[in-house]
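The chain contents come next:
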Amino acid sequence: MSDGGAAIDDLALRARVEDLLLDYAHAIDDGALQAWPGFFTEDGRYKIQSRESYEAGLPMGVMTCEGAGMMRDRVLALETANIYEPHTYSHILGRPRLRRAADGTIRARSNFLVTRTMQEGRMDAFAAGKYLDRIAPQPNGALKFAERLVVLESRRIDILLVFPL
Amino acid sequence: MSDGGAAIDDLALRARVEDLLLDYAHAIDDGALQAWPGFFTEDGRYKIQSRESYEAGLPMGVMTCEGAGMMRDRVLALETANIYEPHTYSHILGRPRLRRAADGTIRARSNFLVTRTMQEGRMDAFAAGKYLDRIAPQPNGALKFAERLVVLESRRIDILLVFPL
Amino acid sequence: MSDGGAAIDDLALRARVEDLLLDYAHAIDDGALQAWPGFFTEDGRYKIQSRESYEAGLPMGVMTCEGAGMMRDRVLALETANIYEPHTYSHILGRPRLRRAADGTIRARSNFLVTRTMQEGRMDAFAAGKYLDRIAPQPNGALKFAERLVVLESRRIDILLVFPL
């Protein structure tokens, strides 16, 4: 990992981080969008970006949310104006590579592959890429995303990118 | 997970559960169908169901086996009347979310993606979905499936669904 | 696993093995080909073979490297004569099944699925298969591949197989 940091040898902490990543994916798979903002700190950041754009150091994302409030707005918009063709996601997550950053947060990098299934049954490998996360332990012991950057392999961003990844 | 239950913090137990899920997948990948019933308790249940049918609470499955005896019959039928086009599976499993149920069994939910390769080399993402398992520790310490429910994302069930998933 | 050997219950060792497999995949995903030979012992072996050929016990591989020197040569050739259409890989790895062999090395079997993305954005499930690894602990404590056999599900080997898998 290019962002350095100390290795994390604590297997119980690793298991908790992996459960966070997994619960997030399962919530999206279940269509439980209301749960999505709760995985982030109140000032948490979420951004989807193409790999090309990420590697060029460009700031713009395909989808960007600054703070859980903006995420809640987005969920509300999706639930009220659902003009999209119904579909579901199924996430497969790779093992995360973990590092402890100097500020006490945990950096995680993990690959993902999302299969999308349309209502009539058509299925495709919709999105492949990596999550680059900054995870912040909370005062109550819970783990939340301070930042989740979704880097998509393809710059062909499907116009059907409706749900968060 | 909606089925509740206590968290499982025992990392050695988790590793044994993950090896069970993995050995099952590798056995199917290897075409070792004879091994398949042995992953279940004698009264174990196996069912493949579409997500649509599962979420509607419908009982019918695409494939259902009540007990390891019915599974052995099915394997025998496959081995004697193999009228299908030869193909192989390759399973990719997601990390399982684990819970300890009140009855002492372990509940596991894990996503999967199965790539199917036909004899002449054609390859496709054949099945995506989740395993919902009830795993029962046996008197000899081994872990077996008391129930394995395979929930497929797509309701387009390919007529070439020959092997168990 | 058919190659026998003793189970590995050491979870810290398992984590180190999984990080090795992961770092290898991330390096290829990142296009950091220069790092590739360093994952192997100096006399390490690398071979890509179709499943059909592997199961028939045939010796020939689609790509074969005997020793890290041959790998460095291959990387150099790729970097100087890159006449291929630019593309990237994204690996999803399954959990490895681990065994300790009698000679002290670790045998690992893990499934993989590689999504390939071409420069213009086209994405496909490029390669599915399994890694059959022999991992040798080094005097300095590091883990390296003494042998990495890549068994591809499909015998349709794409002429665009440029990078190692």
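Residues numbered from 1 in each chain as written. Chains lettered and ligands numbered in written order. Predicted model: local features only at pLDDT ≥ 70, side-chain atom pairs only at ≥ 80, totals over all residues. Heavy atoms only, no water.

Novice: Would you explain the confidence of the model for chain A in this entry?
Specialist: When pLDDT drops low, the exact placement of atoms in the prediction is not to be read closely. Looking at chain A as a whole, its pLDDT mean stands at 93, while 96% of the residues score no less than 70. This complex was scored by the predictor with a pTM of 0.95 and an ipTM of 0.94. (pLDDT = per-residue confidence, 0-100.)

Novice: Please clarify how the interface of chain C and chain B should be interpreted in this entry.
Specialist: Accessible area lost upon the coming together of the parts is a frequently used measure of interface size. Counting residues at the interface gives 22 residues for chain C, matched by 23 residues for chain B. Interface area for chain C against chain B, summed over the two sides, is near 1900 Å², with a carbon-plus-sulfur share of 49%. In terms of surface lost to chain B, no three residues of chain C exceed R95, R97 and N111 of chain C, which account for 31% of the buried area on that side. In this structure, the connection of chain C to chain B is made through seven salt bridges. As a salt-bridge pair, D23 of chain B and R97 of chain C come within 2.5 Å of each other at their nearest N and O atoms. At the junction of chain C with chain B, the criterion picks out 14 residue pairs in polar contact (both at pLDDT 80 or more). (Contact = heavy atoms within 4.5 Å. Buried area = accessible area lost by both parts, 1.4 Å probe. Salt bridge = Lys/Arg side-chain N within 4 Å of Asp/Glu carboxyl O. Polar contact = N/O pair within 3.5 Å; in protein donor to acceptor, adjacent residues only side chain to side chain.)

Novice: Could you clarify how one ought to interpret empty space enclosed by the protein in this entry?
Specialist: Empty pockets left among the atoms are what a rolling probe the size of a water molecule brings to light. Going through the model one piece at a time under the given rule, you end up with six cavities of 30 Å³ or more. Looking at the largest cavity, its volume works out to about 680 Å³. Forming the boundary of the largest cavity are 35 residues, of which E18 and R95 of chain A, E18 of chain B together with E18 and R95 of chain C lie nearest the centre. Put simply, the parts of the chain that give the lining of the largest cavity at least two residues each are α1 (11–29) and β6 (106–118) of chain A, α1 (11–29) of chain B together with α1 (11–29) and β4 (87–93) of chain C. Broken down by element, the lining of the largest cavity gets its largest block of residues, seven residues, from α1 of chain C. For the lining of the largest cavity, the per-class residue count stands at 18 nonpolar, eight polar and nine charged. Together, L113, T115, D124 and A125 of chain A, L113, T115 and A125 of chain B together with L113, T115, D124 and A125 of chain C line the second largest cavity. Taken together, the elements giving at least two residues each to the lining of the second largest cavity come down to β6 and β7 (123–137) of chain A, β6 (106–118) of chain B together with β6 (106–118) and β7 (123–137) of chain C. When the residues that make up the lining of the second largest cavity are grouped by side-chain class, the tally is six nonpolar, three polar and two charged. (1 Å grid on protein atoms, 1.4 Å probe; cavity = no way out; pocket = protein on both sides within 12 Å on 5 of 7 lines; lining within 4 Å. Points joined across faces, edges and corners; volume = space filled by probe spheres on them. Helix = DSSP H or I, 4+ residues; strand = E, 2+ residues; numbered from the N terminus. Nonpolar A, V, L, I, M, F, W, Y, C, P; charged D, E, K, R; others polar.)

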